[in-house]
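# Summary of structural features
Each chain, written out:
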Protein chains: 2
Amino acid sequence: MKSEKISEAVVRRLPVYLRYLNDLNKREVATVSSQELGQKLDLNPAQIRKDLAYFGDFGRKGIGYDVSYLIEKIRHILNLDQQINAVLVGAGNLGHALSNYNLYLRENIKIVAVFDENPKKIGTRISTLTVQPMDEISDTIKSKNIRIGIITVPDVEAQNVADRLIASGIEAILNFAPTILKAPASIRIHAADFTTDLLSLAYYLDNGKDESADDREHEDK
Amino acid sequence: MKSEKISEAVVRRLPVYLRYLNDLNKREVATVSSQELGQKLDLNPAQIRKDLAYFGDFGRKGIGYDVSYLIEKIRHILNLDQQINAVLVGAGNLGHALSNYNLYLRENIKIVAVFDENPKKIGTRISTLTVQPMDEISDTIKSKNIRIGIITVPDVEAQNVADRLIASGIEAILNFAPTILKAPASIRIHAADFTTDLLSLAYYLDNGKDESADDREHEDK
DNA sequence: TAGATTGTTAATCGATTAACAATC
DNA sequence: TAGATTGTTAATCGATTAACAATC
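- The name that an unreviewed UniProt entry assigns to chain A is Redox-sensing transcriptional repressor Rex, with the source organism given as Paenibacillus chibensis.
- In UniProt, chain A has this text filed under Function (unreviewed entry): "Modulates transcription in response to changes in cellular NADH/NAD(+) redox state."
- Reading the Subunit (unreviewed entry) entry of the UniProt record for chain A gives the comment "Homodimer."

What follows is the structure in structure tokens.
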């Protein structure tokens, strides 16, 4: 274990490890090697070992990693050994989809409030929650100890919503709107806009040309 | 313009440029510099110039980039100067959200079919489309010239769906399920799973410690 | 002409991968 | 002991940024 700065790339892989480890755990697999992890997750085993070694000596030479011990450790690193409360702003289709995902999420992040500025939506239900008006946002964030904000409002409102979340003391934001949010450096913002993903995917479409020459080698399944 | 290999990082920024350029265009701004783009998009101006220079000499020294010309060029690079058809598999909440997003998307990617394996969902409507049974997937992909697959089915079914999409000749996949899909190297796959984003966000939450010492400098709005 | 800004080369920075001693 | 696999250092690879000549 060293105390270098941990890069974002490393942090983003931790949930991926966690997910597969949970899988193994369910199947009652006791230990796993970086080699096997690498194969399943399409990652270099050395990278996995290095990633984990930033946080501690979790493995055993000649053996590998104990699955449930590693789960415990990664959950701790990600702050998931406590319940983390989140708020959803924007009760549109995407908001609905996300709050229902709540149920699937075995990890400790929980959406505990939903807001929308549309008077027609206020008071309606989204899974187990009631949509609240925007002017209650600050009080609710404080009283319910909400630390993460999820923004699913339209484009133009996203910055405004972010400002209000930040003013109310939120620490991190997951932003589904296709906007680059401006915020203090102390606020962590992740862009989750899938239109960017989708458009960049189009770049890789094979455009006419010589189809026959383009059969590349296949990875094994 | 050179013909080096274009990295994925570069390609992923193109839609971001495009989005802001469309904005400028709507506001009838005629030219923009890499400096201004950089400021708005939180990117280094040199990086933006370099990204664009991979594809051609789009700017004018001393002037900057012509907004509508650059839009045209980026749309061409991303294959968006033609309609690209996509299929959605999984008519759950997230599927609903995505197909409605269709309407918002000004760009040329269009969801033209929706599939689900649940008999109760087959025949129901999702925006303007009727949910079709899975066994029609191959025929529809071929007859409607569908090139991108969007997977919004549960975790365990994702690989199976991907295999069917690939067997039917799809070229690229946007995968919302939290699974690492295995596929031939010729198929482009982008992971769009937001649980990964959300969990990695939790890492950055400030855990107790000394709150008062943690007020860092603010970027300007 | 003077000021602005590109396209591009070179320098820097950071992330990934290979290799291997340590050790279970 | 022999085989397996970690943690870590060193080598490699790739991406970002700085700097600046070219030129509008």
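Following the structure, the description resumes.
## Points about the domain arrangement of chain A
All names here are of chain A.
- The assigned domain composition of chain A is domain 1 (8–77) and domain 2 (84–199).
- Distance between the C-alpha centres of domain 1 and domain 2: 30 Å.
- Taken together, the contacts link six residues of domain 1 with five residues of domain 2.
- Here domain 1 and domain 2 share an interface that buries about 460 Å² over both sides, 25% of which is from carbon and sulfur atoms.
- For domain 1, the biggest contributors to the area lost against domain 2 are R12, N22 and R75; these three give 67% of the whole.
- On the surface where domain 1 and domain 2 come into contact, there are two salt bridges.
- In this structure, the salt-bridge partner of E107 is R75, at a minimum N-O distance of 2.7 Å.
- Here the side of domain 1 that touches domain 2 is built from residues that sort into one nonpolar, one polar and four charged.

## Considerations on the UniProt feature "DNA-binding region" (unreviewed entry) in chain A
- Under the UniProt annotation, "DNA-binding region" (unreviewed entry) lies at residues 16–55 of chain A.
- In residues 16–55 of chain A, helix accounts for 70% and strand for 5%; the two terminal C-alpha atoms are 16 Å from one another.

## Some points on the protein's contact with DNA strand C
- As a structural note, the neighbourhood of DNA strand C is formed by 25 residues, with Q47(A), S34(B), R49(B), G59(B) and Y65(B) the closest of them.
- For DNA strand C, the backbone portion of the atoms within 4 Å of the protein, that is sugar and phosphate, comes to 62%.
- Interatomic distance of 2.6 Å between a side-chain N/O atom of S34(B) and a phosphate oxygen of DNA strand C.
- Contacts to DNA strand C include R49(B), whose side-chain N or O atom sits 2.8 Å from a base oxygen.
- Of all the elements in the fold, those that place two or more residues in the surface near DNA strand C are helix 3 (45–53) of chain A together with helix 3 (45–53), strand 2 (59–60) and strand 3 (64–66) of chain B.
- Tallying contributions element by element places helix 3 of chain A first for the surface near DNA strand C, with four residues.

## Considering the interface of chain A and chain B
- With 70 residues of chain A at the contact, the number on the chain B side is 70 residues.
- For the pairing of chain A and chain B, the buried interface totals around 6,700 Å² over both sides, and the portion due to carbon and sulfur atoms is 65%.
- Along the contact surface separating chain A from chain B lie six salt bridges.
- Where R19(B) meets D193(A), a salt bridge forms, and the shortest distance between an N and an O atom there is 2.7 Å.

## A look at the packing of aromatic side chains
- Counted according to the given criterion, the structure contains eight aromatic pairs over all chains.
- Pairing F55(A) with Y203(B) gives two aromatic rings, centres 6.4 Å apart and planes at 80 degrees, and the pair type is edge-to-face. Here F55(A) is found in the loop between helix 3 and strand 2 (59–60), whereas its partner Y203(B) is found in helix 8 (residues 194–203) on a different chain.
- Summarising the aromatic geometry, the rings of F58(B) and Y69(B) are spaced 6.3 Å apart at their centres and angled 80 degrees between planes, so their arrangement reads as edge-to-face. Of this pair, F58(B) sits in the loop between helix 3 and strand 2 while Y69(B) sits in helix 4 (residues 67–77), placing them eleven residues apart in sequence.
- Residue classification places F58(B) among the buried positions, given a relative accessible area of 10%.
- Taken together, the ring pairs in this structure connect F55(A), Y203(B) and Y204(B) into an aromatic cluster.
- Over the ring of Y204(B) we find R188(A); its NZ or CZ atom is 3.6 Å from the centre of that ring.

## Focus: the protein's contact with DNA strand D
- Around DNA strand D sit 25 residues in total, of which S34(A), R49(A), G59(A), Y65(A) and Q47(B) are the nearest.
- A breakdown of the atoms of DNA strand D within 4 Å of the protein gives sugar and phosphate a share of 62%.
- Within the contact set of DNA strand D, a sugar or linking oxygen lies 2.9 Å away from a side-chain nitrogen or oxygen of Q47(B).
- R49(B) is positioned such that a nitrogen or oxygen atom in its side chain is 3.2 Å from a base nitrogen of DNA strand D.
- Mapped onto the surface near DNA strand D, the elements with two or more residues apiece are helix 3, strand 2 and strand 3 (64–66) of chain A together with helix 3 of chain B.

Criteria and thresholds
- Residues numbered from 1 in each chain as written.
- Chains lettered and ligands numbered in written order.
- Predicted model: local features only at pLDDT ≥ 70, side-chain atom pairs only at ≥ 80, totals over all residues.
- Heavy atoms only, no water.
- UniProt positions renumbered as here; feature names shortened; annotations may be inferred.
- Domains from an automatic or database assignment.
- Contact = heavy atoms within 4.5 Å.
- Buried area = accessible area lost by both parts, 1.4 Å probe.
- Salt bridge = Lys/Arg side-chain N within 4 Å of Asp/Glu carboxyl O.
- Nonpolar A, V, L, I, M, F, W, Y, C, P; charged D, E, K, R; others polar.
- Helix = DSSP H or I, 4+ residues; strand = E, 2+ residues; numbered from the N terminus.
- Near = heavy atom within 4 Å.
- Polar contact = N/O pair within 3.5 Å; in protein donor to acceptor, adjacent residues only side chain to side chain.
- Phe/Tyr/Trp six-rings, centres within 6.5 Å; stacked < 30°, edge-to-face > 60°.
- Buried < 20%, exposed > 50% of the residue type's maximum accessible area, 1.4 Å probe, protein only.
- Lys NZ or Arg CZ within 6 Å of the ring centre and 35° of its normal.

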